[in-house]
Protein chains: 4
Amino acid sequence: MAPQNRLQELRKQIDPINLQILELLNKRATIAREIGEVQQELGTTYYDPEREAQMLTELQQVNEGPFSNDTIKKLFSEIFHATLNLHEQDARQKILVQRKDPNQHTHIEFDNGLTIGNDTFEIIAGPCAVESYEQMDEVAAALSERGVKMIRGMGYKPRTSPYDFQGLGEEGLKIARQVANKYDMVVISEVLDQSLIPMMDEYVDAFWVGARNMQNAFLLRALGKQRKPVLLKRGFGATLKEFIYAAEYIMSSGNDQIILMERGIRTFVQETRNTLDISAVPLLKQETHLPIIVDISHSAGRRDIANPLGRVARVSGADGLMVEVHPNPDVAMSDAKQQLNLNQFNELMDDIDSISVRYKAPTV
Amino acid sequence: MAPQNRLQELRKQIDPINLQILELLNKRATIAREIGEVQQELGTTYYDPEREAQMLTELQQVNEGPFSNDTIKKLFSEIFHATLNLHEQDARQKILVQRKDPNQHTHIEFDNGLTIGNDTFEIIAGPCAVESYEQMDEVAAALSERGVKMIRGMGYKPRTSPYDFQGLGEEGLKIARQVANKYDMVVISEVLDQSLIPMMDEYVDAFWVGARNMQNAFLLRALGKQRKPVLLKRGFGATLKEFIYAAEYIMSSGNDQIILMERGIRTFVQETRNTLDISAVPLLKQETHLPIIVDISHSAGRRDIANPLGRVARVSGADGLMVEVHPNPDVAMSDAKQQLNLNQFNELMDDIDSISVRYKAPTV
Amino acid sequence: MAPQNRLQELRKQIDPINLQILELLNKRATIAREIGEVQQELGTTYYDPEREAQMLTELQQVNEGPFSNDTIKKLFSEIFHATLNLHEQDARQKILVQRKDPNQHTHIEFDNGLTIGNDTFEIIAGPCAVESYEQMDEVAAALSERGVKMIRGMGYKPRTSPYDFQGLGEEGLKIARQVANKYDMVVISEVLDQSLIPMMDEYVDAFWVGARNMQNAFLLRALGKQRKPVLLKRGFGATLKEFIYAAEYIMSSGNDQIILMERGIRTFVQETRNTLDISAVPLLKQETHLPIIVDISHSAGRRDIANPLGRVARVSGADGLMVEVHPNPDVAMSDAKQQLNLNQFNELMDDIDSISVRYKAPTV
Amino acid sequence: MAPQNRLQELRKQIDPINLQILELLNKRATIAREIGEVQQELGTTYYDPEREAQMLTELQQVNEGPFSNDTIKKLFSEIFHATLNLHEQDARQKILVQRKDPNQHTHIEFDNGLTIGNDTFEIIAGPCAVESYEQMDEVAAALSERGVKMIRGMGYKPRTSPYDFQGLGEEGLKIARQVANKYDMVVISEVLDQSLIPMMDEYVDAFWVGARNMQNAFLLRALGKQRKPVLLKRGFGATLKEFIYAAEYIMSSGNDQIILMERGIRTFVQETRNTLDISAVPLLKQETHLPIIVDISHSAGRRDIANPLGRVARVSGADGLMVEVHPNPDVAMSDAKQQLNLNQFNELMDDIDSISVRYKAPTV
């Protein structure tokens, strides 16, 4: 027979085998699903590695090839894994923060009219830390004039060294509250430990979880029991999966008001403090229904590229950006190199406002 | 005396000391400069570590504090280093690719009217590799319709495995040339070894240096002796300093027609093939006068976020973007996951065109 | 004059200038030190960026070269910085965890005779999590037979997903305590939140701070007020400086019983879960007087290279290693891929014991 | 029926389905293998993405669940992939550098009696670059006294900047050859471009491929046609897979005398120049039959931890280490910070010799 015809004929033999395998896979899945239900009755988990190991051993004992035992083990592990996934889907229908359909968007609304996640591009700004009433007042006046509705009011600063300035504490929160009230802004402030939540709750409108605490499960669960929104920063060494699951810690504890913040990751690059992972924005938009903010200050760690990063954030699909602004960055008690002064902040806003985007929704 | 007054007085004592140190530093620099000239006469290099070591030893022997010997060593090393830099500046007036004033921009002009680096945003596109005349013709027609003037015409593919498809070779270049001529486009093609330059020169309008060859000094110097433009990709493990110096290898050999390409770096992130380092664009713009292109295909390694990355590139200050386009990516012989099909390419172009930017120059 | 002689002469002119600069630098430092004392009286900090900015401006105004203003700014910033460092040293004589002389070694002693940091090489082992009395008993018997004196007794597991097994809690700690008593071992257990300390204190001999909590300042300070030793794991994205300062948070709060653990960092490498940073061991030994343990389980995330990593740890200068051991890793509730079974553990011990090292102290 | 019994019964239904799937998979593989043979006759490649896409579409059209179409697509893609692998194995029986059985070890033998890969631990040493006859002679004498049989004789240095010292070229090779002859050593030297091979071949005993050239396919293939051994350094951004395939480029071109060198990777850590990836040694030993050398100089980039890294290399399973040694590192023309002086080299050798290892083979 001519090779071309032989090829045709052999391919025809493959097709029914594919269908038979398909049928058996689904038959297997149906029984496995029932096994899952019985196990739930019995109060055991579906995943049973000993049983799996035993099945794999048996299959390898009877396997005569041409697939090697390793290949057979790999293929059946995939089948077991798919069955397990099926079971997990049944039980939980995927995780809560995961986007179920393309139009699912969480909106975070505040009393002063600010909404995050609603197709607008919002600015969160303010100094690295509250240092004095005058400092906060000067910044808030400037921010307010440009329409910024959320101010950073950091009373507690997580610092590398125990000897560095750790923030004014409750005193700082009081100042932030006063100033925010004066300009009709909302205050967001970092919470470093769950024990601080009740006190902070008196002053702040939203809780901020820093990169160092992204996987502090006790803090996340405690915030999950609050009513106020939580802004969760990505850890500088965290994968997107870990970031999403950290948000799930909050949401599965009862609080669905969560804002994600991309803030740069640790890489070998030394020209910037971190490397802004801008691709994370569209990927997180695909995976979750939560609003996403881009931190253009900590990602770069230098103010001279704030404008291009601000423009980039504007069109990335993010719901806003966060930028540190200080009346006199050179004398700031922390993060001096990356805070913008008031002029620079206004230039940044001009630059962002110079971009117009005709496409409908800034999603992926 | 009251502490406030004492502080005032002590500070007054510091000021003249500063001035004396300043004077001595410059006096020292003047003599060092003359030493440099004498050494040039003698044919030796200025840098003389033995002499430096000896000076440091002497200073440490007579140092009585309060600065420790380590501090004195560090401060004088800085002074030596500054003197050395002074000398290097004299000799070369900084490196050639470095921007000397904010308005210095290299323009790369091609015969078909394409100019890169001139405040426009240009698209370089085409399939990962030339596979056939039909494939190239179909892509070129689609690109041409959207105003793209430079097509990828890759005849040689650098591949991880020696058993993977390595390109059609010269045959591929011929096809690319024919198709480019038909649509009045220019062809850019990767050169893997300096021995290929003469042959390739007959077919291509610009040479492409891949990430794996960014520090291939022999190739860079050979391209420095060509007349045609060179597009230089950043290595996936390269710092910006290394990238800039790689360009300097080309320019110092005589060719000032260089285009830089940011294409993502290796990080721990696994959701994308590489991590697009968008901050590199404004930083490279600050440092060099060369045009910069953003590769949105290899950075992500997945086509589903091509649109947001395209928008991001558009406003980053870059002079254009590079995207892989294939009539049928699923059957491409390489990079199947990241190439756009023709529909997706048109959507990307629509998305980019939907952005308008009022600010004057897209530089930092 | 012959160039050689001219060179000689010019160099002779440099030497006295060096000495004059040296003298002025120290004179400046003496006055600056006094300024620091006055500021302490005044209750202000020494660092005064406005004053620095003003001095730099003045120097640049009078600078006539050949050093550029940028160079002058850089050199004087170094001088200011050195002065600031001098001040910090005076105030605190460097940080507490920092090694002051080569023979300074912290020893951590336990009631059962175990000492860590005393030129021996100790093994910390046990399952990832306490799952049952039988599991712990079986492991402890095997460990005890090989002379292991500290067992992991993890009741709380930090997990990526909120739906993963989170540990048996206090129940697990009870089991660990019982089993440890039976075999005369000490128990170490991870503390995830400062609120757990009082309860855990009843069961454990040492507290374990996980990688995710390395920079949880509230937890670190709370442990600083405990009497029991604290084992501090390096975060997978943490620099050595951050790691050392995290230990300083504990020590500056009152507890000097600290053990450091290197456990691998996040890199682009995908063949291992993390990349063991073995160079960190000698570097930490140089910088601190604390004992250092190498985690050979989480660094690799795969058991098949446990033996070579164990041998490597043995000669790296570390004070011991940590390895996860489980009676049946395939059915473990967490970290299944990296735990050793009892046979593998015995082989690891044989392998480590096969190395003899004649050099005196396993320090740098 | 009691749930326990029901569970038992359902599981009994699963077992025969597993066996049926197994049988069909192997039947499918047998036909696919024949298809491969026909395609070879036809001169086409086995991989046919269009055919695969069509089969997947058909399966999804008839799939009725409970597995979703996505799951079915994934499982069949795995099956296709396994079939493809089967085919590749048939054709090539896995890649050449891959270890086929645990006792397969490549030995590299030199005329002076040096053998690398034969259960001994060998030292490759010498200065970063050849600078003069005196320098080489002084180093060679010291190395020779400690039994070192291979000396670095670098005439060409790959440098970041085109203005840095690039080596003495052929002159340097002549010096290296002379000195090596005097002390009965073999010379290894870096080859930067394939055009240099014929000239270098007159002076050197082995070719060295630097990290920057690890994926220079033209150079690798040219070295594959040589008879002399090739030492291949891992790129600082290269995965192990890429490293192994780079070696395969050489071996598949005809030269099986290959030595691998682990030399540290780029990470966020700044305390060392690179991060020594010591886990790569046992992993490469598992995957390949090639000898592996640990570069303790470039990995750390600082000489103060050379001794612990040397000890670590000694027990890691590696076949030797590479260390840079210079009579006076402070005045070296390159890599000044990391080269050992002769005293330090002797201390390193003492330290390594102080370790004795009783375990049989230093493999995994």
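Refer to the structure presented above.
Let me sum up the structure you'll find in this document. All values derive from a computational prediction rather than experimental measurement.

Regarding the interface of chain D and chain A
- Contacts between the two partners involve 46 residues from chain D and, on the opposite side, 46 residues from chain A.
- For the side of chain D that touches chain A, the secondary-structure elements that each account for two or more residues are α1 (3-42), α2 (49-62) and α3 (69-92) of chain D.
- It is α1(D) that provides the largest number of residues to the side of chain D that touches chain A, a total of 28 residues.
- Of the residues that constitute the side of chain D that touches chain A, the class distribution is 26 nonpolar, 10 polar and 10 charged.

A word on the relation of the copies chain D and chain A
- The transformation that overlays chain D on chain A combines an axial shift of 0.3 Å with a rotation of 180 degrees, and the residual RMSD is 0.3 Å. What we have between these two chains is a two-fold relation. Rotation axis and chain D: the residue whose C-alpha lies nearest the axis is D:Phe268, separated from it by 2.2 Å.
- A share of 100% of interface residues in chain D that are also interface residues in chain A marks the association as one of identical surfaces.

Observations concerning the environment of B:Leu231
Residue and element names in this part refer to chain B.
- Counting through the fold element by element, Leu 231 comes out in strand β7 (residues 230-233).
- Accessibility expressed as a C-beta count within 10 Å gives 24 for Leu 231, which makes it buried.
- On a C-alpha basis, the gap between Leu 231 and Phe 110 in space is 13 Å, while along the polypeptide they are 121 residues apart.
- Excluding its chain neighbours within four sequence positions, the residues that come into contact with Leu 231 are Ile 188, Ala 206, Trp 208, Val 209, Ile 259 and Met 261.

Digging into the interface of chain D and chain C
- Counting residues at the interface gives 36 residues for chain D, matched by 36 residues for chain C.
- Among the elements of the structure, α9 (280-287), α10 (306-315) and β11 (355-357) of chain D are those that each provide at least two residues to the side of chain D that touches chain C.
- Here the residues of the side of chain D that touches chain C are counted per class, giving 19 nonpolar, 11 polar and six charged.
- Bridging between strand β11 (residues 355-357) of chain C and β11(D) involves three bridges; their strand directions are antiparallel. By the bridge assignment, C:Ile355 is partnered in β11(D) with D:Val357.

Scoring rules and cut-offs
Residues numbered from 1 in each chain as written. Chains lettered and ligands numbered in written order. Predicted model: local features only at pLDDT ≥ 70, side-chain atom pairs only at ≥ 80, totals over all residues. Contact = placed C-beta atoms within 7 Å. Helix = DSSP H or I, 4+ residues; strand = E, 2+ residues; numbered from the N terminus. Nonpolar A, V, L, I, M, F, W, Y, C, P; charged D, E, K, R; others polar. Least-squares fit on C-alpha atoms with pLDDT ≥ 70 in both. Buried ≥ 20, exposed ≤ 12 C-beta atoms within 10 Å, placed from the backbone. Pairing = 2+ DSSP bridges.

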